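# Architecture at a glance
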Amino acid sequence: MNQPDTSTIFAGLDGRSDAQLPNWYASSHDVGDTLPSFAEAIRDLPRAVDTEVGYKNPVTGQWVETDRFNAIVEPSRLRNHARTDGGARPGSDQEQVDPLFHVPTDSYTVLNPQTVYSPLETLLRDAELDGVPFGDIVFGEIRQYRAGGEVHMDIMFDGLEATLPGDDREPITMGVTSGYDFFGGHAVYVEGFAQDGACSNSMRSLTDKQIVKHVGDVRDFEDWWEQILTQLELVADDLVRFIEDAQEIDLDFTELPFTVEEFYTLLEFPEYLAERAADDALANADDPFLVNLWTLHSGATYALTHFFRGREGGSLDAYVRTANDILFNPHGTINQVERTYEAQQSASGGDQQALEGECGLARIEQATAGLQAGVEQFESREEALRERFQTAME
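Cut-offs used in this document
Residues numbered from 1 in each chain as written. Predicted model: local features only at pLDDT ≥ 70, side-chain atom pairs only at ≥ 80, totals over all residues. Heavy atoms only, no water. Helix = DSSP H or I, 4+ residues; strand = E, 2+ residues; numbered from the N terminus. Buried < 20%, exposed > 50% of the residue type's maximum accessible area, 1.4 Å probe, protein only. Contact = heavy atoms within 4.5 Å. Areas by Shrake-Rupley, 256 points an atom, 1.4 Å probe, with all protein chains shown as cover. Core = buried A, V, L, I, M, F, W, Y, C linked by side-chain atoms within 4.5 Å. Phe/Tyr/Trp six-rings, centres within 6.5 Å; stacked < 30°, edge-to-face > 60°. Lys NZ or Arg CZ within 6 Å of the ring centre and 35° of its normal. Expected span 1.5 Å × (residues − 1). Polar contact = N/O pair within 3.5 Å; in protein donor to acceptor, adjacent residues only side chain to side chain. Pairing = 2+ DSSP bridges. pLDDT = per-residue confidence, 0-100. Salt bridge = Lys/Arg side-chain N within 4 Å of Asp/Glu carboxyl O. Patch = residues over 30% accessible without salt bridge, like charges linked within 9 Å, V, L, I, M, F, W, Y side chains within 5 Å. Lys, Arg positive; Asp, Glu negative; His and termini not counted. Charge placed at Lys NZ, Arg CZ, Asp CG, Glu CD.

Further remarks concern the overall build of the chain. Assigned secondary structure in the chain consists of 12 helices and 14 strands. Counting across all 394 residues of the chain, residues that qualify as buried make up 47%. Taking all contacts inside the chain whose residues are at least 6 apart in sequence as the whole, residues at least 24 apart take part in 67%. Put simply, the chain shows about 19600 Å² of open surface, and 43% of that area lies on carbon and sulfur atoms.

Here it is as structure tokens:
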């Protein structure tokens, strides 16, 4: 992903927490001797207020106030700008950062990070996991873009995990990814998230994405967070079973008309991601020609975590959904591969290409015919999980 302007690793809820980063996480991140707590990191984030704006009359050169729009600005930067009259020299401690985030064109509700995340602090302060306060096991990373006007964060809980067989295997640690921006997109979003300690792969969009926009009244965020964490616990309960089932479903690439790398391109991954995903999947497969769905999913998350060239949100979300379908919706994945393959063969034209396309489709159907029992089990489990999600949010 694009490099953030700043990145902050945190551990613990507040100054009273007895928290440390898990070894697997600390070894893969550049951290100092002391880490801020979650509460401290949130309070250090830029915030926004609205203020009146004006426009410059091109005839008179005078500025004219207008009540049609309000500017969304960072107040501390606005004060610094006023003190130095905008004239601090480049490279100095007081070098100016533009206080302006956005000038919205319609109704706009400012939601600052403290408004959204302070209720989460309260919830975590009062909750425990197996007798351990959540405040002692929370850790993660906060990333700022566009001078702090866009923020994304991973909030994880050491001990809330999905543990796969293997005595020396690091667990998959559960949490949420959340964020907001001041530019008129979503005021705040949150969704289930996990990170595989064995390879630092990020698993995103594990629950339904909840979004609050920049319009309307500020909601009760404490109830909102409580519902989201309930969803997360449901995923933690079921994730191991999904993975174990996926490990039992193999694709035999000797019987398919495409390679492992082409499998990812048929899922519409760009070539650079497909190549990285295939390299990882083949490196971790017991048999390079017989690759199970969990290994294929891990290859996709490896490529997206470590090599995606775009920005968080946007196209990344679409690729994450595709990667997750390999694990949670194998029937949909196989159908998409088949449709894309058929479309490519049809576009090639010619009788020979048409014949090869028909043979290829027959091979796909033959190679995946025996997967139906496993696929049906996935579908029933996913449907039950979605129903439990819905109940948790009511």
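Below, the discussion takes up the nonpolar core. If you look at the biggest cluster of nonpolar residues, it comprises 89 residues, and the most contacted ones within it are W225, Y264 and L296. Ranked by residues supplied to this core, first place goes to helix α5 (residues 221-247) with 13 residues. Among the nonpolar cores identified, the runner-up in size contains eight residues, and I9, L21, F139 and F193 belong to it.

Quick look at the packing of aromatic side chains now. Counted by the stated rule, this structure contains 21 aromatic pairs. Counting every residue linked through ring pairs, the aromatic cluster contains F10, F38, F101, Y117, Y180, F182, F183, F221, W224 and W225. Note that R146 overlies the ring of F183, its terminal NZ or CZ placed 3.8 Å from the centroid. Its guanidinium or amino end placed over the ring of Y189, K209 lies 4.7 Å from that ring's centre, counting from NZ or CZ.

It is worth spelling out helix α4 (residues 113-126) at this point. When the terminal C-alpha atoms of α4 are compared, their 20 Å separation across 14 residues agrees well with the 20 Å that a helix rising 1.5 Å per residue should span. Regarding α4, the residues found buried are P113, V116, Y117, P119, L120, E121, L123 and L124.

A word on the environment of N201. Turning to its location among the elements, N201 is positioned in strand β11 (residues 201-203). Separated by 98 residues in the primary sequence, N201 and G299 place their C-alpha atoms 9.1 Å from one another. For N201, the residues in contact, after removing those within four places along its chain, are A194, Q195, D196, S298, T301, Y302, T305 and H306. Here the side chain of N201 touches H306 through a polar contact of 3.3 Å, side chain to side chain.

Most of strand β9 (residues 172-181) sits inside the fold, with 10 of its 10 residues counted as buried. Here β9 shows a buried face lined by I172, M174, V176, S178 and Y180 and a second buried face lined by T173, G175, T177, G179 and D181. Across nine bridges, the pairing between strand β8 (residues 150-162) and β9 is antiparallel. When the bridges of β9 are listed, V151 appears paired with Y180.

The next subject is the side chain of T322. Examined against the element boundaries, T322 turns out to sit in helix α9 (residues 315-328). A residue is classified by how much of its surface remains accessible, and T322, at 13% relative accessible area, is buried. Apart from residues no more than four positions distant in its own chain, T322 is found in contact with L267 and F269.

A few words now on the confidence of the model for the chain. Summary statistics for the chain give a mean pLDDT of 84 and a share of 85% for residues scoring 70 or more. Confidence over residues 88-94 falls short of pLDDT 50; this stretch has six contacts with residues more than four positions distant or in other chains.

Right, let's talk about the environment of R339 for a bit. Mapped onto the elements, R339 comes out in helix α10 (residues 330-348). Residues R339 and L266, 73 residues apart in the sequence, show an inter-C-alpha distance of 8.7 Å.

Our focus in this paragraph is unusual backbone geometry. Only a minority of non-glycine residues have a phi that is not negative, and only a minority of peptide bonds are not trans. Phi at S200 takes a positive value of approximately 60°, unusual for a residue other than glycine. Taking relative accessible area as the criterion, S200 reaches 16% and is therefore assigned buried. A positive phi is found at E268, a non-glycine position, where the angle reads about 70°. Looking at the element boundaries, E268 is found in the loop between α6 (260-266) and α7 (271-284).

The subject of this paragraph is the pattern of salt bridges. Using the criterion set out here, one finds 11 salt bridges in the structure. Among the ionic pairs, E121 bridges to R43, the shortest N-O distance being 2.7 Å. You can see E121 sitting in helix α4 and its partner R43 sitting in helix α2 (residues 38-43), a full 78 residues away along the chain. Owing to a relative accessible area of 3%, E121 belongs among the buried residues under this scheme. The closest approach of N and O atoms between E150 and R146, which form a salt bridge, is 3.1 Å. The exposure class assigned to E150 is buried, which follows from its relative accessible area of 5%.

Let us now look at a negative patch on the surface. There is a patch of like negative charges on the surface, built from D126, D220, E222, D223 and E226. Among the elements that make up the negative patch, the one with the highest residue count is α5 (three residues). Within the fold, D223 resides in helix α5.

Moving on to the environment of L123. Structurally, L123 is set in helix α4. Here the alpha-carbon distance between L123 and E226, two residues 103 residues apart in the chain, equals 7.3 Å. Apart from residues no more than four positions distant in its own chain, L123 is found in contact with E222, W225, E226 and L229.

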